[in-house]
Amino acid sequence: MNAQPDHPFAAVRPLLDEHAELETALADPAVHADAGKARRLGRRYAELGRVVSAYRTWQVAADDVAAAEELSDDPDLAAELPALREREHEAADHLRQVLVPRDPDDGRDVILQVKAGEGGQESALFAADLLRMYTRYAERQGWSVQMLDVTESDLGGVKDAQMAVKSKASADEGVWARLKYEGGVHRVQRVPVTESAGRIHTSAAGVLVLPEADDPGEVEIDPADLRVDVFRSSGPGGQSVNTTDSAVRLTHIPTGIVVSMQNEKSQLQNREAALRVLRARLLAVRVEEAAAAASAARRSQVRTVDRSERIRTYNFPENRIADHRTGYKAYNLDQVLDGDLGPVVASAIAADEAARLAAVGQDQA
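These remarks concern the structure in this document. (Residues numbered from 1 in each chain as written. Predicted model: local features only at pLDDT ≥ 70, side-chain atom pairs only at ≥ 80, totals over all residues. Heavy atoms only, no water.)

### Points about the overall build of the protein
Secondary structure assignment for the protein yields 8 helices and 11 strands. A buried classification covers 42% of the 365 residues belonging to the protein. Considering only contacts in the protein between residues 6 or more positions apart, those separated by 24 or more positions represent 64%. For the protein, the accessible surface area stands at approximately 18,500 Å², while carbon and sulfur atoms represent 50% of it. (Helix = DSSP H or I, 4+ residues; strand = E, 2+ residues; numbered from the N terminus. Buried < 20%, exposed > 50% of the residue type's maximum accessible area, 1.4 Å probe, protein only. Contact = heavy atoms within 4.5 Å. Areas by Shrake-Rupley, 256 points an atom, 1.4 Å probe, with all protein chains shown as cover.)

Structure follows, in structure tokens:
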């Protein structure tokens, strides 16, 4: 199965070897004693599995063409040759696609934050709609959702919410592979419940998506680098909902990242949730720094929660959803908000893959 040096897909050889090595490693029970390591190896194994499968399909097609060419004196085989060559070309194109470098974090779970922005109470109500949309979408994918922290508004909206979304299986196509495109500013156009004149208003909410560390040891945090503040939790309108100082605010001194949690009644639980989010944010910083070093720095998903930096518009009067990055548009907004987000996400994935293929083509030109 190993490719020769002059083979058209010689670059596949080290990937095939790595896949075989991972298969051996994952068969070792000792590896699974470290859940985080086993998950990382399993994710890489699944990712390479796509390459191995595509390579084998192409190899069979290429062998069929070679055999038919050798026996081309046979009229029946000669007649089949054009179709066999077309099949080989299609298999080769697919193999080239799976060989395009992919995001190494695609198999990770995520921490997703929804934050109300411009628009006051209406923005908070829209943020609640987005939170429900992502929850329902996760349910459709078979993912589990854990609400880490929620700050509600007076009218039942959401000022700020953070939740962990986790896949139930280790695979290269994880939660991050689909939800990473959701980061940015989402704009809504509708008649607010607080508007008596029936005028359409525009407001915005921000979404931040972070890949989550596989285990605490992957992103180590020195306790000396943390400032821990505790305070009393508060509910809508600032009313006290807790008689003890159970809310926790962590400040990571080297980076200035601040994470606050108040959802749980226990200070310890809030601290653990805050640490979980902090690790995800530090991991995101590490990823961005690595990308910048490779001259491929990612744009920040949310710089300011403002309608001028929108990635998507949700128009209620027209039941329309439009993604401004991909050009996707549909008139089933009610279904999308009920969790039918698949086609919207697919448009972002397709645009991303097309851009990466184009970049590889430019590098090879």
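So much for the structure itself; the text now carries on.
### Regarding the packing of aromatic side chains
Taken as a whole and assessed by the stated rule, the structure comprises 3 aromatic pairs. Centre to centre, the rings of F126 and Y314 are 5.3 Å apart; their planes meet at 65°, and the pair counts as edge-to-face. One end of the pair, F126, is in helix α4 (residues 120-141); the other, Y314, is in strand β9 (residues 310-315), with 188 residues separating them in the sequence. Note on accessibility: F126 and Y314 belong to one class, buried. Between the NZ or CZ atom of R190 and the centre of the ring of F316, over which it lies, the distance is 4.6 Å. (Phe/Tyr/Trp six-rings, centres within 6.5 Å; stacked < 30°, edge-to-face > 60°. Lys NZ or Arg CZ within 6 Å of the ring centre and 35° of its normal.)

### Quick word on the sheet that holds β9
As summarised here, the arrangement of the 8 strands in space is β2-β3-β1-β5-β4-β9-β10-β11, forming an open sheet in which the pairing is mixed. The open sheet has two free edges, formed respectively by β2 (144-152) and β11 (329-330), since each of these has just one partner strand. With 7 bridges connecting them, strand β1 (residues 110-116) and strand β5 (residues 201-211) associate as antiparallel partners. When the bridges of β5 are listed, A116 appears paired with A205. (Pairing = 2+ DSSP bridges.)

### What about the sheet that holds strand β6 (residues 226-231)?
If you walk across this open sheet you meet the 3 strands as β6-β7-β8, and the pairing is antiparallel. Edge positions in the sheet fall to β6 and β8 (257-261), since each has one partner strand and no second. Between one strand axis and the next, the sheet turns by 15° as a mean value, whatever way the strands run. Judged from the 6 bridges that link them, β6 and strand β7 (residues 247-252) form a sheet pairing that is antiparallel. When the sheet's bridge partners are listed, L226 is paired in β7 with H252. (Axes fitted to C-alpha atoms, helices over the stretch in contact; angles between N-to-C directions.)

### Some points on a negative patch on the surface
A contiguous patch of negative charge on the surface is contributed by D73, D74, D76 and E80. Mapped onto the elements, D73 comes out in the loop between α2 (35-70) and α3 (75-99). (Patch = residues over 30% accessible without salt bridge, like charges linked within 9 Å, V, L, I, M, F, W, Y side chains within 5 Å. Salt bridge = Lys/Arg side-chain N within 4 Å of Asp/Glu carboxyl O. Lys, Arg positive; Asp, Glu negative; His and termini not counted. Charge placed at Lys NZ, Arg CZ, Asp CG, Glu CD.)

### Let's talk about the pattern of salt bridges
In total, this model carries 24 salt bridges according to the counting rule given. A salt bridge links E212 to R276; its shortest N-O distance comes to 2.4 Å. Of the two residues, E212 is situated in the loop between β5 and β6 and R276 in helix α6 (residues 267-293); the sequence distance between them amounts to 64 residues. When salt bridges with common partners are traced through the structure, they connect R132, R136, E139, R140, D338 and D340 into a single cluster.

### Brief notes about the pairing of β7
The element β7 is extensively covered by neighbouring structure, given that 5 of its 6 residues are classed as buried. Examined bridge by bridge, β7 and β8 share 5 bridges and lie antiparallel to one another. Counterpart to L250 in the pairing with β8 is V259. Remark: 4 residues form the turn of the hairpin made by β7 and β8, two consecutive strands paired antiparallel; G256 in that turn has positive phi of roughly 80°.

### With respect to the nonpolar core
Grouped together as the largest cluster of nonpolar side chains are 33 residues, with contacts concentrated most on L130, Y134, L179 and Y314. Only β1, α4, β3 (158-166), α5 (175-179), β5, α7 (333-337) and α8 (342-364) provide two or more residues apiece to this core. When residues of this core are assigned to their parent elements, the largest contribution, 8 residues, is made by α4. Core analysis: the second largest hydrophobic core is formed by 22 residues, A213, V248, L275 and L282 among them. (Core = buried A, V, L, I, M, F, W, Y, C linked by side-chain atoms within 4.5 Å.)

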